[in-house]
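Take a look at the letters that make up each chain.
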Amino acid sequence: MSTTATLTSAPAAPRRMTVPAFRARKRAEPLVMLTAYTARMAELLDPHCDALLVGDSLAQTLYGLPSTVPVTLDMMIAHGAAVVRGARQALVVVDMPFGSYEASPEQAFHSAARILKETGASAVKLEGSQAMAPAIACLTARGIPVMAHIGLTPQAVNLLGGYGARGRGQAEYARIAADARAVADAGAFAVVIEGVVEPLALAVTEAIACPTIGIGASAGCDGQVLVVDDMLGMFDRTARFVKRYDSLAERIQAAARDYAADVRSRRFPQAEHLYG
Ligand code: KIV
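Quick caveat, the model's predicted, so the values are computed rather than measured.

Caption draft 1: Spotlight on the packing of helix α7 (residues 133–141) against helix α9 (residues 170–186). The contact between α7 and α9 brings their axes to 8 Å, and the two run at 20°. Between α7 and α9, the angle falls in the class roughly parallel. Like other packed secondary-structure pairs, α7 and α9 cross with a definite hand, here right-handed. Here Ala133, Ile136, Ala137 and Thr140 of α7 come into contact with α9, specifically with Ala182, Val183 and Ala186. Residues of the contact of α7 with α9, tallied by class, amount to six nonpolar, one polar and no charged.

The structure is reproduced here in structure tokens:
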């Protein structure tokens, strides 16, 4: 059989979401994003999502760390590459971990270039106040698409003192609105806005030209993101803004309990599980 015949008879692969197509969804059909950290989970989520975020929330969801601060570039690259292997059509965005981009635009470029080269992802995300605008401009000008993240920025937990909603006071409201304008003007193709009072999320969505992706923000954002483990019900405690679509923790415990009972009573394995 000729190679050409094999290729033309194969089903066409779905086209992967691009950064310009994602950006063009401003004020159109809401964008769907979930976090993913492994190849299999990416494969399962991919048909339903416009973007998969390899979030540094893997600190808590996979590694049992107390915050995202200890996450390293090597961790993000390993999980980013796994997600790219599992995703066929969603845009894959990889979080830049704390300490990999804040020192200078040059540091941000070297870290982001490693992420794109070693994972095959299409974009990076960084937690960006106005101070990060030069880094975002530098990356964008050099061909690296940046999704910015404003409002409640978990990498700044030591400065913020916790994970409470932001933008309640006038000064903080104005600062976050200015952050949004600065990162959008610097070239961010989308802005994640996390844990802010709803009027602020709506004002930012109205003010900037690129899509806003809300998490604990507003249904009026241009899209939504959730941490997949939260929405699947893997943890007992979640933030107010999480909607649980399953109770996976309970179902995993029940399955493990049934398996343990089968092993202890010798109900497993049975004939159909054995080699003749
Ligand atoms: O790391 C992450 O999962 C995130 C989302 C909460 C947006 O940044």
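Caption draft 2: Inspection of the site of the ligand at higher detail. Neighbouring the ligand are 13 residues; Thr35, Asp56, Ser57, Asp95 and Lys125 lie closest to it. Within the side chain of Asp56, a nitrogen or oxygen atom sits 3.0 Å from an oxygen atom of the ligand. A distance of 2.5 Å separates an oxygen atom of the ligand from a polar side-chain atom of Ser57. With the chains in place, 95% of the 260 Å² that the ligand exposes on its own is no longer accessible. Of the residues that constitute the shell around the ligand, the class distribution is five nonpolar, four polar and four charged.

Caption draft 3: Broad picture of the pattern of salt bridges. For the coordinates displayed, the defined rule picks out twelve salt bridges. Residues Asp74 and Arg114 are paired through a salt bridge, measuring 2.8 Å at the closest nitrogen-oxygen approach. One end of the pair, Asp74, is in helix α5 (residues 73–86); the other, Arg114, is in helix α6 (residues 105–119), and 40 residues separate them in sequence. Classification of Arg114 as partly exposed rests on a relative accessible area of 30%. Note that Arg166 is salt-bridged to Glu172, the shortest N-O span being 2.8 Å. Grouping residues by exposure puts Arg166 and Glu172 together as buried. Among the ionic contacts, a cluster of salt bridges with common partners joins Arg166, Glu172, Arg175 and Asp179.

Caption draft 4: View of the sheet that holds strand β5 (residues 146–151). The strand order around the closed barrel built from eight strands is β1-β2-β3-β4-β5-β6-β7-β8, with neighbouring strands paired in parallel fashion. Across the sheet, the mean angle separating the axes of adjacent strands is 25° when strand polarity is ignored. Two elements, strand β1 (residues 31–35) and strand β2 (residues 51–54), share three bridges in a ladder whose sense is parallel. Bridge pairing in β2 links Thr35 to Leu53. Along the sheet, α9 contacts β5 and β6 (190–194); its crossing angle with β5, the most-contacted strand, is approximately 175°.

Caption draft 5: Spotlight on the pairing of strand β7 (residues 212–215). Neither face of β7 is left uncovered, since the one carrying Thr212 and Gly214 and the one carrying Ile213 and Ile215 both have all their residues buried. Across four bridges, the pairing between β6 and β7 is parallel. Paired with Val192 across the strands is Ile213, a residue of β7. This β-α-β element, β6 to helix α10 (residues 198–207) to β7, shows right-handed connectivity. As paired strands, β7 and strand β8 (residues 223–226) are joined by two bridges and run parallel to one another. In the sheet register, Gly214 faces β8, and the bridge partner there is Gln224.

Parameters at a glance
Residues numbered from 1 in each chain as written. Predicted model: local features only at pLDDT ≥ 70, side-chain atom pairs only at ≥ 80, totals over all residues. Heavy atoms only, no water. Axes fitted to C-alpha atoms, helices over the stretch in contact; angles between N-to-C directions. Helix = DSSP H or I, 4+ residues; strand = E, 2+ residues; numbered from the N terminus. Parallel < 35°, antiparallel > 145°, perpendicular 65-115°, else oblique. Left-handed = near helix turned anticlockwise from the far one by under 90°. Contact = heavy atoms within 4.5 Å. Nonpolar A, V, L, I, M, F, W, Y, C, P; charged D, E, K, R; others polar. Near = heavy atom within 4 Å. Polar contact = N/O pair within 3.5 Å; in protein donor to acceptor, adjacent residues only side chain to side chain. Areas by Shrake-Rupley, 256 points an atom, 1.4 Å probe, with all protein chains shown as cover. Salt bridge = Lys/Arg side-chain N within 4 Å of Asp/Glu carboxyl O. Buried < 20%, exposed > 50% of the residue type's maximum accessible area, 1.4 Å probe, protein only. Pairing = 2+ DSSP bridges. Right-handed = clockwise from strand over helix to strand, strands pointing away.

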